[in-house]
Amino acid sequence: MSESIQAQRPASGVLPHELPASLRAAGLTNWTREPLDDAVDRRRRIIFPPAAALIGTPAIGYQGALLAEVGHPDTVFMMGDNPDLPKMPERPRLQDFFQLRFSKIAIRHLLQSARVARERGLDEKVIIACLLHDIAIAGLLSANHGYWGAQLVAPYVDEEVRWAIEKHEALRYFSDESVGYSYPEAYIDYFGPDYQPPAYVRREYEAARRHRWYMTSRLVTINDIYSFDPNVVVDFADFEDVVGRNFRQPREGLGFDGSPVAHMWRTMIWPNNFL
Ligand SMILES: [Fe+2]
Ligand SMILES: [Fe+2]
């Protein structure tokens, strides 16, 4: 992109005239932008947030008004590359999602968890599971993140790794003093001291407890820590060898290999697409 084009682009946020006041008041202003660069054909792109982000919030009541906005000239819904996001390579690899899509806080959490697992001399299956265990939170969805995350990586990792990622979500709620795992302090802050996981989570935990791979998933929870040494900087490159041996990157790129989960990776490449 040339400097002159870059200079024309709004630095951040949106222009005040973009949406009716009612939508701006509902906090929807930042879901539109006034594109001034060639990447979006000089049209206004409206980002229509997904139902999963709207249901249960006041913003759901504004879907109709957002839809009506495309009635204006030169206004369309966001499809393809969002100019606010770095462009992904044609054949994205795992590291591209870490570097170009995942939030800083999520990257730090995943890298630090993997680092702790490696420092403890744990098996590479555990290290890669730690590195990947919350990628759904990092790039897709938080609710049921263990299951979404396990699905995302299923075609590319050992079945034991997939299983460990899926089950870590339920195991997090239940202590195992025999290996020094206690209910997370953070969960008391997050959910309140009286929170009880629902029955289905308990059933998942009880089944996982009896499974032959229980300890692999338990080790993910043991290394799933939130307080890190701020002086330690961990880089994805530190795990290139582990990823190389334990994550089968598809030749066509994640999102384009025709696998049953390719659409989930594409959703992370183009998270703001209307369809
Ligand atoms: Fe998690
Ligand atoms: Fe985590």
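The structure this text deals with has already been given above.
Below, the structure is looked at part by part. (Residues numbered from 1 in each chain as written. Chains lettered and ligands numbered in written order. Predicted model: local features only at pLDDT ≥ 70, side-chain atom pairs only at ≥ 80, totals over all residues. Heavy atoms only, no water.)

1. Some details on the coordination of the iron ion (ligand 1)
Turning to step 1, where the next piece is worked out: Every protein donor of the iron ion (ligand 1) is listed here as D134 (OD), H145 (NE2) and H168 (NE2), and their distances to the metal cover 2.1 to 2.2 Å.
Turning to step 2, where the next piece is worked out: Each donor residue of the iron ion (ligand 1) belongs to the same chain, with the gaps between them written as D-x10-H-x22-H.
Turning to step 3, where the next piece is worked out: Here the iron ion (ligand 2) and the iron ion (ligand 1) are spaced 3.7 Å from one another, each receiving a donor from D134. Pair noted here: D134 is in the loop between helix 7 (124-132) and helix 8 (135-139) and H168 is in helix 10 (residues 159-171), with a separation of 34 residues, a long-range link. (Donors = N, O, S within 2.8 Å, 3.2 Å for Na, K, Ca; no water. Helix = DSSP H or I, 4+ residues; strand = E, 2+ residues; numbered from the N terminus.)

2. Description of the packing of aromatic side chains
Turning to step 1, where the next piece is worked out: Per the counting criterion, the structure on display carries 19 aromatic pairs.
Turning to step 2, where the next piece is worked out: Centroid distance F98 to F236: 4.7 Å. Interplanar angle 50°. Geometry classified as tilted. Highlighted residues: F98 in helix 5 (residues 94-100) and F236 in the loop between helix 13 (214-222) and helix 14 (240-246), separated in sequence by 138 residues.
Turning to step 3, where the next piece is worked out: Residue class for F236 comes out buried when judged on its relative accessible area of 5%.
Turning to step 4, where the next piece is worked out: Among the aromatic residues, ring-to-ring pairing joins Y173, Y183, Y187, Y190, F191 and Y195 into one connected group.
Turning to step 5, where the next piece is worked out: Over the ring of W213 we find R212, and its NZ or CZ is 4.3 Å from the ring centre. (Phe/Tyr/Trp six-rings, centres within 6.5 Å; stacked < 30°, edge-to-face > 60°. Buried < 20%, exposed > 50% of the residue type's maximum accessible area, 1.4 Å probe, protein only. Lys NZ or Arg CZ within 6 Å of the ring centre and 35° of its normal.)

3. Brief notes about the coordination of the iron ion (ligand 2)
Turning to step 1, where the next piece is worked out: The iron ion (ligand 2) binds to the protein through H109 (NE2), H133 (NE2), D134 (OD) and D224 (OD); the donor distances cover 2.0 to 2.2 Å.
Turning to step 2, where the next piece is worked out: Metal-centred angles of 82 to 174° between the four donor atoms at the iron ion (ligand 2) mark the site as irregular.
Turning to step 3, where the next piece is worked out: Note on H133: relative accessible area 0%, which makes it buried.
Turning to step 4, where the next piece is worked out: On the accessibility criterion, D224 (4% relative accessible area) is buried. (Tetrahedral: all angles 85-135°; square planar, octahedral: opposite > 155°, others 65-115°.)

4. A word on the side chain of N272
Turning to step 1, where the next piece is worked out: With respect to the helices and strands, the residue N272 is situated in the segment after helix 15 (262-269).
Turning to step 2, where the next piece is worked out: A polar atom in the side chain of N272 sits 2.8 Å from the side chain of N82.
Turning to step 3, where the next piece is worked out: If we ignore the near neighbours within four places in the chain, the residues touching N272 are I47, M78, N82 and L85. (Polar contact = N/O pair within 3.5 Å; in protein donor to acceptor, adjacent residues only side chain to side chain. Contact = heavy atoms within 4.5 Å.)

5. Some points on the layout of surface pockets
Turning to step 1, where the next piece is worked out: Put simply, the second largest pocket is a space of about 440 Å³.
Turning to step 2, where the next piece is worked out: Every element with two or more residues in the lining of the second largest pocket is listed here: helix 6 (104-119), helix 8, helix 10 and helix 11 (185-191).
Turning to step 3, where the next piece is worked out: Take the lining of the second largest pocket: its biggest share by element is five residues, from helix 6.
Turning to step 4, where the next piece is worked out: Across the lining of the second largest pocket, the residue classes tally to twelve nonpolar, six polar and five charged. (1 Å grid on protein atoms, 1.4 Å probe; cavity = no way out; pocket = protein on both sides within 12 Å on 5 of 7 lines; lining within 4 Å. Points joined across faces, edges and corners; volume = space filled by probe spheres on them. Nonpolar A, V, L, I, M, F, W, Y, C, P; charged D, E, K, R; others polar.)

The values reported here are purely geometric and, on their own, carry no functional implication.
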